[in-house]
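Summary of the model geometry
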Amino acid sequence: MRLTIRAKIILTVSLSLIAIFALIMFLLVRLNVGQLRTNLNQSSKSYASLATPPIGATFVLYQDSGRLRITQQVNKFMALDPDVTAIKIVSVDGKPLYDSSGRSQPISDNLAESFQARYIANKDGYTKEVVEPYFEDSGAHRYSVVYEISTKRVQQGVASVVRLILYVGVAILLVSIAATFWAFNTLFIRPLRSVSHSADVVSAGNYNQQIIAKNKDEIGSLAQAVNRMAEALKADISKLQEVDKLKSEFMMIASHNLRTPLTIMRGYIEMAGIAQTVPELKSAVNGIQDGVVRLHLLSEDLLTISSLEAGGEKMEKTPVAARQFIDSVAKEFEVLAEKKRLDWRFVNNLPDDLKFNISQSNMRSALGNVIDNAIKFTKENGAVRVAAKLEGGRLVFSVTDTGIGIREEEIPRLFTKFHRGTSTLTYDYEGAGIGLYLTKLIVGEHGGQISVQSQVGHGSTFSVYLPLALPVPGGHPPAA
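Report on the accompanying structure. (Residues numbered from 1 in each chain as written. Predicted model: local features only at pLDDT ≥ 70, side-chain atom pairs only at ≥ 80, totals over all residues. Heavy atoms only, no water.)

So, about the pattern of salt bridges. All chains considered together, the criterion is met by ten salt bridges. Here Asp343 and Arg345 are joined by a salt bridge, their closest N and O atoms 3.6 Å apart. The class of Arg345 is partly exposed, set by a relative accessible area of 47%. Note that Asp343 and Arg385 form a salt bridge whose closest N and O atoms lie 3.0 Å from each other. Separated by 42 residues along the polypeptide, Asp343 in strand E7 (residues 343-348) and Arg385 in strand E9 (residues 383-391) bring together distant segments of the chain. Judged by its relative accessible area of 28%, Arg385 is partly exposed. (Salt bridge = Lys/Arg side-chain N within 4 Å of Asp/Glu carboxyl O. Buried < 20%, exposed > 50% of the residue type's maximum accessible area, 1.4 Å probe, protein only. Helix = DSSP H or I, 4+ residues; strand = E, 2+ residues; numbered from the N terminus.)

Of all eight residues in strand E12 (residues 459-466), seven are buried; the element is thus mostly enclosed. The sheet contact formed by strand E10 (residues 394-401) and E12 spans six bridges and is antiparallel. Note on E12: the bridge partner recorded for Ser398 is Ser463. As paired strands, strand E11 (residues 449-455) and E12 are joined by seven bridges and run antiparallel to one another. Bridge pairing in E12 places Ser451 opposite Ser463. Between E11 and E12, which pair antiparallel one after the other, the connecting turn spans three residues, and Gly457 there sits at a positive phi close to 85°. (Pairing = 2+ DSSP bridges.)

A few words now on the pairing of strand E2 (residues 96-99). Pairing between strand E1 (residues 84-91) and E2: three bridges, direction antiparallel. Each residue of the ladder has a partner; that of Val90, found in E2, is Pro96. Linkage of E1 to E2, two consecutive antiparallel strands, is achieved through a turn of four residues, within which Gly94 is found at a positive phi near 90°.

Before going further, it helps to spend a moment on the packing of aromatic side chains. Taken as a whole, this structure holds five aromatic pairs when the rule is applied. Each ring, one from Tyr47 and one from Tyr147, has its centre 5.7 Å from the other, and the planes form 80°; the classification is edge-to-face. Here Tyr47, found in helix H1 (residues 5-62), pairs with Tyr147, found in strand E5 (residues 143-149); they are 100 residues apart in sequence, far enough to count as distant. Taking the relative accessible area as the measure of exposure, Tyr147 reaches 0% and is therefore buried. Considering the side-chain rings of Phe325 and Phe356, the 5.9 Å spacing of their centres and the 65° angle between planes classify their relative orientation as edge-to-face. One end of the pair, Phe325, is in helix H9 (residues 322-331); the other, Phe356, is in strand E8 (residues 355-358), with 31 residues separating them in the sequence. Classification of Phe325 as buried rests on a relative accessible area of 3%. Judged by its relative accessible area of 0%, Phe356 is buried. When the ring centre of Tyr119 is taken as reference, the NZ or CZ atom of Lys45 above it lies at 4.8 Å. (Phe/Tyr/Trp six-rings, centres within 6.5 Å; stacked < 30°, edge-to-face > 60°. Lys NZ or Arg CZ within 6 Å of the ring centre and 35° of its normal.)

Below you can see the structure in the form of structure tokens.
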């Protein structure tokens, strides 16, 4: 079957758009699935950390006098998170002592006796079980609390996201194909058809036919050439041989001017089609898979920066227990420091009842950036010290490292957007140069300040000063 130019263009463009939108939808699905997985894993960890102390205390108190109070406490916490399907209490040797599901299956000894929380994931990377050690008031560790996590709700969310992206993608694809068809038809096909029709009229002997060409491109040039040829034919109609010659010239020029724009258009379309199927495209998709999480994070940082700079970010601040919050932030980086063989020390001298007014997610990101930089720029076997204390009516969070240090002339630009120290030319460090800038914005939104002291080759100390939500114990007023 012979295809017209319009059909070929529509077919080629449609296939190209389908390939592009298929790739975009695939990446969007992966990004959303990755975010849902990350949210489940993080919420499971936070939930286990929150629920373990009261559940463990209830078990120790009532284990010999009846299970009703234990079950009531367990059910209370299970109602807080629909993803938790069962809560078990086991001894450090893996023996089941309580199981809300009634199965009473033992777990591995080395998981139960651990002094740190353990997170067990399935083959898709979702946390399916959390083993959280319970420490009694005396410091004894005889039990661990095990939380079974279901991915059913997340999978339902993934299905909803996939359907939404599919529907939106198909709608956008159809609109794009329609818009592309309209554009090609308006900009190319109609002018070419007009030129072709007028050329047919002229070639039939109607030399008074004029082509009104609005295009200032090759098609317009072709129309003008046809008009000039018609005028020449009309002026010399008495000379048949000249007319034949002019007609021959007309056919030659018309063919050339028709072929040139069509060849250019077809070349660009073929290039677009090839760009969607080259091996480099598959390699790029594989690379995207490994960096999705980093990325998600980077995009979130850029969106936060953009919103803060535009004045649109409204952080919802609530009073938060300062000591517990700082503990949770520092704990997230212990494993990273151990992997790099750093001498990690964390000292928290904040009172248990002290609170400060913060947006937890944003402040976690801000303080985490400071710790992450210290670990990143400290070589193996170096040291990182993290501390929190009260000073002058303010909470002071400091991070000291024995890393590469910062040159004095670099410090004034350290908290500017996309700035990277010149020392990164010596060592290969990742990062886009927005972490400290984002930290400064977030701390500023909380009425605080951040400062740095550093010496090249000897390390740096970053200090974050934050006001308090409530009066400091002892009668010291919070700083303005």
